[in-house]
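Residues per chain, in single letters:
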Amino acid sequence: MLGAGLGVIAIAVLIALAITLFACFCMGKLFSKAGKPLWYAFIPGLNLYTKAEIAFGRQYAYVGLLMLLPLATALVGWIPIIGWIVTFVVNIGVVVLSFILEYSFISRYTGGGALPVLSCFFNWIVYIIVGLGGYNYYGPSNYIPLFTFLPAMNTGYQSGMN
């Protein structure tokens, strides 16, 4: 009886792994359309940085790394009340930031419409549709400066905005 349960769990894990690898491959296809290497999609942290670089431009690419901030809340999350409040606020901020990042990232390929909104909730499905579909990368000429209140990195990169 126990062996059958472990077999079912093993099959479920293999199916989930296959779906995750396929979705990462599709995100890599999106990176390839933007001129980045496909393997960037498989490296945690680097894929967030690359998505933010494509979505917001090189000056604000570090914003993608803020998605890793909940890992730091483990240091203060154990403190009663103060740690709980800090963890709650950081997690809400990361959810809002992830919606902005996903919307901006997919907008660079579709130009707007329903797919960027759908990507806020079902990003892996949209990666498959846009990555394997006939969508092209529009390039940095239409960057929207969403994070003008943050300091830009001086990289010498010109986004085409005056």
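None of the values given here were measured: they were computed from a predicted structure.

*Asks:* Kindly report on the packing of helix H2 (residues 46-56) against helix H4 (residues 82-110), identifying the contributing residues and their values.
*Replies:* Viewed as axis vectors pointing N to C, H2 and H4 meet at an angle of 60 degrees, and their least axial separation amounts to 8 Å. One element, H2, and the other, H4, form an angle in the oblique class. Seen along the crossing, H2 lies across H4 with a hand that is left-handed. Residues Lys51, Ala52, Ile54, Ala55 and Phe56 of H2 form the contact with H4, whose own contacting residues are Ile100, Leu101, Glu102, Ser104, Phe105, Arg108 and Tyr109.

*Asks:* Could you give an account of the pattern of salt bridges, naming the residues involved and the relevant values?
*Replies:* Applying the stated criterion across every chain yields a total of two salt bridges. Glutamate 53 is the partner of lysine 36 in a salt bridge, and the nearest nitrogen-oxygen pair spans 3.1 Å. Here lysine 36 is found in the loop between helix H1 (2-33) and H2, whereas its partner glutamate 53 is found in helix H2, with 17 residues between them in sequence. In this pair, the class of lysine 36 matches that of glutamate 53, namely buried. Residue glutamate 102 is joined to lysine 51 by a salt bridge in which the shortest nitrogen-to-oxygen separation is 2.4 Å. Highlighted residues: glutamate 102 in helix H4 and lysine 51 in helix H2, separated in sequence by 51 residues.

Conventions and cut-offs
Residues numbered from 1 in each chain as written. Predicted model: local features only at pLDDT ≥ 70, side-chain atom pairs only at ≥ 80, totals over all residues. Heavy atoms only, no water. Axes fitted to C-alpha atoms, helices over the stretch in contact; angles between N-to-C directions. Helix = DSSP H or I, 4+ residues; strand = E, 2+ residues; numbered from the N terminus. Parallel < 35°, antiparallel > 145°, perpendicular 65-115°, else oblique. Left-handed = near helix turned anticlockwise from the far one by under 90°. Contact = heavy atoms within 4.5 Å. Salt bridge = Lys/Arg side-chain N within 4 Å of Asp/Glu carboxyl O. Buried < 20%, exposed > 50% of the residue type's maximum accessible area, 1.4 Å probe, protein only.

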